[in-house]
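# Reading the structure
One letter stands for each residue in the lines below.
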Amino acid sequence: MKAEEFSRRREQLMSMVGSDGIVILPAAPIRRRSRDVEYRYRQDSDFYYLTGFAEPDSVAVLLPGTRGGRFVLFCRERNKDKELWDGSRAGQEGATEEYGADDAFPVDDIDDILPGLIEPCSRVYYTMGMYTDFDARIGEWINSLRSGGSRGVHTPHEFVALDHLLHDMRLFKSRAEISTMRRSAKVAVKAHERAMAVTRPGLYEYEVEAEFCHEFRRNNAWISYSPIVGSGKNTCTLHYVENNCRLADGDLLLIDAGCELDYYASDITRTLPVNGHFSAAQRAVYEIVLEAQLAAIELTRSGRHWNEPHDAAVRVITRGLKKLGLLEGSLKRLIDDAAYQQFFMHRTGHWLGMDVHDVGDYKVGDQWRLLEPGMVTTVEPGLYIAAASNIPSRFHNIGVRIEDDVLVTSGDPDVLSKGLVKEPDAIEALMAG
Ligand code: GLY
Ligand code: MN
Ligand code: MN
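Here is a short report on the structure shown in this document. No experiment lies behind these values; they were computed from the predicted model shown.

Turning our eyes to something else, we now look at helix H9 (residues 205–217). For H9, which comprises 13 residues, the first-to-last C-alpha distance of 19 Å matches the rise-based estimate of 18 Å (1.5 Å per residue) to within 8%. Of all the positions in H9, only Glu 205, Val 208, Glu 209, Glu 211, Phe 212, Glu 215 and Phe 216 are classed as buried. Seen end-on, H9 carries its buried residues on one side only, within an arc spanning 140°.

In structure tokens:
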């Protein structure tokens, strides 16, 4: 992502905040995994969205009321010894020269500097409740201003939820973001193709998962969430991530895996027959989910409400469940009573972007939001038929989900993950090699 993209975002945010506000964003904290081992550091999405700065121990401040709207970055100082162990730091010079900060200060000096930047402002734009340690520090800085009140020091009179503004910006993807998301989807498509090519009875689910790790890392990407690689009855556990069972001949394998590339996520699901051939019952269920997914994608269009693709999927799925003999009654009644939820218990999609379940409101007031160009959503209906005495055994343990990443445009839906086969015959052909 080019520096101008980050600078444009800061300008856009500052123009919404107005001249009497200050924006404060902390970097993500470093998190401990176990004992003295840390998780690999990943910058906070909001922070990165506005700065492109990936280092921890940083605080970004935007001052729309100063001339030109200043961007101040507090970050770690250069330190030869520490950099020898942990890698290079931008330092204050790098912050201004490479990241477009108008001013940069050592983060250790923030207590002395930030209250003075807050003082002339009436409103503080900050996301409360995200990082509680930082919430407390904001409180301390405001208190330090209050205690100076008798000497004529001014204190802001309003806190405003920054995420409201910022998350609406993040919901609409720019050209640069769309091109990154397309690349992220492409890498995930390649990984799914590898997985389809190796899948066969006797393999373990984690061996299939390994194909994703390999393909992601060789493209400088990481998993964007724990991959779900579930076979047999595990296809019916929505958040199955143990991935430690052996693939059995005749079972289905549901794989939900995507990557994060340059801070943008893909999120793709495919379901395949372990032995390379769908049984008649598996194919019948699969075709219903595929029809539901295509119907939902068809409605992922500018001017449609957020809920319309889901409603379309529900309709196809309920009709299909009737046809399979798993539900009985009038279609309208079954939909009104949400009878399908026994087999399709999640929603058809979610926003996708820097986070897998990306930010952005789904409703405006009590109305489902209208889809607009630049929004990206997943479309992922499913059917999960667990073994039960009242279900014919040929349907037992058939869990199917098909998930693609779809960009809303001014024209047709643009499926970012379209390179990956999903017709049952095409899956069988790919698995046959
Ligand atoms: N992989 C998470 C989801 O599909 O929502
Ligand atoms: Mn998803
Ligand atoms: Mn998914």
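Next comes the rest of the description.
Okay, the coordination of the manganese ion (ligand 2) next. Listed as protein donors to the manganese ion (ligand 2) are Asp 267 (OD), His 350 (NE2), Glu 380 (OE) and Glu 403 (OE); their distances from the metal cover 2.0 to 2.2 Å. Considering all six donor atoms around the manganese ion (ligand 2), the spread of angles at the metal, 51 to 154°, places the coordination shape in the irregular class. Separating the manganese ion (ligand 2) from the manganese ion (ligand 3) is a gap of 3.2 Å, which Asp 267 spans by donating to each of them. Of this pair, His 350 sits in the loop between helix H12 (331–336) and strand S15 (363–364) while Glu 403 is found in the loop between strand S19 (398–401) and strand S20 (404–407), placing the two residues 53 residues apart along the sequence. With a relative accessible area of 0%, Glu 403 lands in the buried category.

Moving on, we get to the coordination of the manganese ion (ligand 3). Protein-derived coordination of the manganese ion (ligand 3) comes from Asp 256 (OD), Asp 256 (OD), Asp 267 (OD) and Glu 403 (OE), at a distance range of 2.0 to 2.4 Å. The coordination sphere of the manganese ion (ligand 3) comprises six donor atoms, whose angles at the metal cover 57 to 171°; the geometry is irregular. Counting residues between consecutive donors of the manganese ion (ligand 3) along the chain gives the motif D-x10-D-x135-E.

So, about the site of ligand 1. Neighbouring residues of ligand 1: Tyr 225, Asp 256, Asp 267, His 350, His 357, Glu 380 and Glu 403. His 357 places a polar side-chain atom, nitrogen or oxygen, 2.7 Å from an oxygen atom of ligand 1. Notes on ligand 1: free accessible area 200 Å², of which the protein chains cover 84%. Within the shell around ligand 1, the residues separate by chemical class into one nonpolar, two polar and four charged.

With that settled, consider the sheet that holds strand S17 (residues 376–379). Read from one edge of the open sheet, three strands run S17-S20-S21, paired in antiparallel fashion. Either end of the sheet is taken by a strand with one partner, and the two such strands are S17 and strand S21 (414–415).

For the rest of this paragraph, the subject is the pattern of salt bridges. Pairing is possible between side chains of opposite charge, provided their charged atoms come close. Applying the stated criterion to the full structure yields 34 salt bridges. A salt bridge links Asp 46 to Arg 170, with the shortest nitrogen-to-oxygen separation between them at 2.5 Å. Of the two residues, Asp 46 is situated in helix H2 (residues 45–51) and Arg 170 in helix H7 (residues 162–171); the sequence distance between them amounts to 124 residues. Just as Asp 46 is buried, Arg 170 falls in that class too. In this structure, Asp 358 engages Arg 170 in a salt bridge whose closest nitrogen and oxygen atoms are separated by 3.0 Å. Remark: Arg 170 occurs in helix H7 and Asp 358 occurs in the loop between H12 and S15; sequence separation between them is 188 residues. Note on accessibility: Asp 358 and Arg 170 belong to one class, buried. Each of Asp 46, Arg 170, Lys 173, Asp 355 and Asp 358 takes part in one network of salt bridges that share partners.

Once that is clear, we can look at the packing of aromatic side chains. Across all of its chains, the model carries 13 aromatic pairs by this definition. An angle of 15° between the planes, with centres 5.2 Å apart, marks the rings of Tyr 204 and Tyr 206 as stacked. Through a chain of ring-to-ring contacts, the aromatic side chains of Phe 6, Tyr 48 and Tyr 263 assemble into a single cluster. When the ring centre of Trp 222 is taken as origin, the NZ or CZ atom of Arg 217, which lies over that ring, is 3.9 Å away. For the cation-ring pair, Lys 363 lies above Trp 368, with the distance from its terminal atom to the ring centre recorded as 4.6 Å.

For residues that are not glycine, phi is negative in most cases, and the peptide bond is trans in most cases. In the Ramachandran plot, Arg 35 falls in the positive-phi region, its phi being about 45° despite a non-glycine side chain. Summarising the element assignment, Arg 35 is placed in the loop between strand S2 (32–34) and strand S3 (37–38). Even without glycine at this site, Asn 220 takes up a positive phi of about 60°. Relative to the helices and strands, Asn 220 resides in the loop between H9 and strand S9 (222–223).

An α-helical turn contains 3.6 residues, so a residue and the one three or four places further along point in the same direction. With 19 residues, helix H10 (residues 280–298) should reach 27 Å at 1.5 Å per residue; the first-to-last C-alpha distance of 27 Å fits that figure. All buried positions along H10 are accounted for by Ala 281, Gln 282, Val 285, Tyr 286, Ile 288, Val 289, Leu 290, Ala 292, Gln 293, Ala 296 and Ile 297.

Turning our attention to the sheet that holds strand S14 (residues 268–273). The strand order across the open sheet formed by three strands is S10-S11-S14, and the pairing between neighbours is antiparallel. Every interior strand has two partners, whereas the edge strands, strand S10 (228–231) and S14, have only one. Direction aside, neighbouring strands of the sheet carry axes that sit 10° apart on average. Note: S10 against strand S11 (residues 252–257), four bridges, orientation antiparallel. Residue pairing across strands places Ile 228 opposite Asp 256, the latter belonging to S11. Where H9 meets the sheet, it contacts S10 and S11, and its direction lies at approximately 150° from that of S10.

Quick look at the state of the cysteines now. Taken as a whole, this structure holds zero disulfides when the rule is applied. Cysteine Cys 213 shares no disulfide, and the gap to the nearest cysteine sulfur, in Cys 259, comes to 12 Å. Of the residues examined, Cys 213 reaches a relative accessible area of 37% and is grouped as partly exposed. Free cysteine: Cys 236, not disulfide-bonded; nearest cysteine sulfur from Cys 245 at 13 Å. On the basis of relative accessibility, which here comes to 18%, the residue Cys 236 falls in the buried class.

Analysis parameters
- Residues numbered from 1 in each chain as written.
- Chains lettered and ligands numbered in written order.
- Predicted model: local features only at pLDDT ≥ 70, side-chain atom pairs only at ≥ 80, totals over all residues.
- Heavy atoms only, no water.
- Helix = DSSP H or I, 4+ residues; strand = E, 2+ residues; numbered from the N terminus.
- Expected span 1.5 Å × (residues − 1).
- Buried < 20%, exposed > 50% of the residue type's maximum accessible area, 1.4 Å probe, protein only.
- Arc of directions from axis to C-beta.
- Donors = N, O, S within 2.8 Å, 3.2 Å for Na, K, Ca; no water.
- Tetrahedral: all angles 85-135°; square planar, octahedral: opposite > 155°, others 65-115°.
- Near = heavy atom within 4 Å.
- Polar contact = N/O pair within 3.5 Å; in protein donor to acceptor, adjacent residues only side chain to side chain.
- Areas by Shrake-Rupley, 256 points an atom, 1.4 Å probe, with all protein chains shown as cover.
- Nonpolar A, V, L, I, M, F, W, Y, C, P; charged D, E, K, R; others polar.
- Pairing = 2+ DSSP bridges.
- Salt bridge = Lys/Arg side-chain N within 4 Å of Asp/Glu carboxyl O.
- Phe/Tyr/Trp six-rings, centres within 6.5 Å; stacked < 30°, edge-to-face > 60°.
- Lys NZ or Arg CZ within 6 Å of the ring centre and 35° of its normal.
- Axes fitted to C-alpha atoms, helices over the stretch in contact; angles between N-to-C directions.
- Contact = heavy atoms within 4.5 Å.
- Disulfide = S-S within 2.5 Å.

Interpretation note: all reported values are geometric properties and have no functional meaning in isolation.
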